[in-house]
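Each chain is listed here by its residues.
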Amino acid sequence: TYAITDNTNVYASIAMANQAPSTSELIDNNNLDKSKSINYEIGLKTRTGTLSYDIAIYQNDVSDEIIQIKDANGNSIYDNAGKTRKRGLEISGNYQVNQELSFGASYAYSDFKYINFEENVKGTFIKRDGNYLPYIPQNLYSLNLTYKMSNGFKSRIQTRSWGSYYMDNANSQKYEGYSFVTDVMIGYEWKDQSIQLNVQNIFDKHYAMEASKDVYGNETYKAAATRSFMLTYNYKF
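Residues numbered from 1 in each chain as written. Predicted model: local features only at pLDDT ≥ 70, side-chain atom pairs only at ≥ 80, totals over all residues. Heavy atoms only, no water.

### Observations concerning the environment of Ser161
Along the polypeptide, Ser161 turns up in strand S10 (residues 153-162). For Ser161, a relative accessible area of 1% corresponds to the buried category. Considered as a pair, Ser161 and Ser92 are 69 residues apart in the sequence and their alpha carbons are 15 Å apart. Within the local environment of Ser161, its side chain forms a polar contact with the backbone nitrogen of Phe180, the two atoms lying 2.8 Å apart. (Helix = DSSP H or I, 4+ residues; strand = E, 2+ residues; numbered from the N terminus. Buried < 20%, exposed > 50% of the residue type's maximum accessible area, 1.4 Å probe, protein only. Polar contact = N/O pair within 3.5 Å; in protein donor to acceptor, adjacent residues only side chain to side chain.)

### With respect to the pairing of strand S15 (residues 208-213)
Both S15 and strand S16 (residues 219-223) contribute to a ladder of five bridges, which runs antiparallel. Among the inter-strand pairings, Ala211 is bridged to a residue of S16, identified as Tyr221. Between S15 and S16, which pair antiparallel in sequence order, lie five residues; one of them, Gly217, sits at a positive phi of approximately 90°. (Pairing = 2+ DSSP bridges.)

### A closer look at the pairing of strand S8 (residues 124-127)
Note: strand S7 (residues 118-121) against S8, four bridges, orientation antiparallel. Bridging from a neighbouring strand, Glu118 pairs with Lys127 of S8. The antiparallel pairing of S7 with S8 creates a hairpin that spans two residues between the two strands, and Lys122 there sits at a positive phi of about 55°.

### A short note on the packing of aromatic side chains
Counting across every chain of the model gives eight aromatic pairs. Taking 4.8 Å as the distance between ring centres and 35° as the angle between the ring planes, the aromatic pair formed by Tyr114 and Phe117 counts as tilted. Phe117 matches Tyr114 in its accessibility class, with the two residues each being buried. Within the aromatic cluster, the residues linked to one another by ring pairs are Trp162, Tyr178 and Tyr207. (Phe/Tyr/Trp six-rings, centres within 6.5 Å; stacked < 30°, edge-to-face > 60°.)

### Some thoughts on a nonpolar patch on the surface
There is a patch of nonpolar side chains on the surface, built from Leu51, Tyr95, Val97, Phe103, Tyr141, Leu143, Leu145, Ile157 and Phe180 and spanning about 750 Å² of accessible area. No other element matches the three residues that strand S9 (residues 139-148) contributes to the nonpolar patch. Summarising the element assignment, Tyr141 is placed in strand S9. (Patch = residues over 30% accessible without salt bridge, like charges linked within 9 Å, V, L, I, M, F, W, Y side chains within 5 Å. Areas by Shrake-Rupley, 256 points an atom, 1.4 Å probe, with all protein chains shown as cover. Salt bridge = Lys/Arg side-chain N within 4 Å of Asp/Glu carboxyl O.)

### Regarding the pattern of salt bridges
According to the stated counting rule, one finds nine salt bridges in the structure shown. Residues Arg85 and Asp61 are paired through a salt bridge, measuring 3.0 Å at the closest nitrogen-oxygen approach. With a gap of 24 residues between them, Arg85 in strand S5 (residues 76-96) and Asp61 in strand S4 (residues 51-70) connect regions that are remote in the sequence. Residue class for Asp61 comes out partly exposed when judged on its relative accessible area of 23%. Among the ionic pairs, Lys86 bridges to Glu65, the shortest N-O distance being 2.8 Å. Of this pair, Lys86 sits in strand S5 while Glu65 sits in strand S4; the two residues are 21 residues apart in sequence, bridging distant segments of the chain. For Glu65, a relative accessible area of 12% gives the class buried. In the salt-bridge network here, residues are joined through shared partners; they are Glu118, Lys127 and Asp129.

### Re the nonpolar core
One finds Tyr135, Tyr165, Met167, Tyr175, Tyr178, Val181, Tyr207, Ala208, Ala211 and Ala224 forming the largest nonpolar core, which totals 10 residues. Of all the secondary-structure elements, those providing two or more residues to this core are strand S13 (178-190) and S15. Apart from residues lying up to four places away in sequence, Met167 is in contact with Pro134, Tyr135, Gln173, Lys174, Tyr175, Ala211, Ser212, Lys213, Glu219 and Tyr221. The next biggest cluster of nonpolar side chains, apart from the first, holds eight residues, and it includes Tyr58, Ile67, Ile69 and Phe117. (Core = buried A, V, L, I, M, F, W, Y, C linked by side-chain atoms within 4.5 Å. Contact = heavy atoms within 4.5 Å.)

### Some words on the environment of Tyr178
Structurally, the position occupied by Tyr178 is in strand S13. The buried category is assigned to Tyr178, whose relative accessible area is 12%. Put simply, Tyr178 and Lys205 are 27 residues apart on the chain and 8.8 Å apart in space, counted from C-alpha to C-alpha. With sequence-adjacent residues up to four places away left out, Tyr178 is seen in contact with Arg160, Ser161, Trp162, Tyr207 and Ala208.

Here it is as structure tokens:
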């Protein structure tokens, strides 16, 4: 880490990790190997009284990554991919407009690809080298606005969007993702008490939480939650 100024640092890191298969994954395939990864990252961080932001660029090289494949019955089976390479950019920031109002945003770009992987399709192994990993949107972003008054009133609105992603290892079909799914919070704090109303998916958008396609061409869509409300009350003793 190096301090460019009193408020801004640059950093570089290299990290290595192993991940063992879970019990459920081993029950499905007891020949699974643990995955091994090396992550390279460089970034920039700034913190001031009104502005904070983080920028990071990374590359994660993984050997024997444990991946999920759907069979003809829609069941999940697990296997090791030979090698995958995950490259990405992440940006997040927050700006304090005044003592009561702040604005935040984040963006992530993901370029996750198989370097070496053969998928078993109806007893035949087919190369997926160079294909994108499924279920990973290339573009993901969110916005939020927070308002907190000195009299205890507070509110927050946040919206998030997922770009399109491939539904299978063959990259034969894309799901369009979703845009501006919005959550709202309104609350009030008084001494040791607080009450808060959360409304998830306030515009009641209908979209798939996950869209997948198995090696036999069957498509599966898991519906995301529709509009929901939750009221909470807290008292600190």
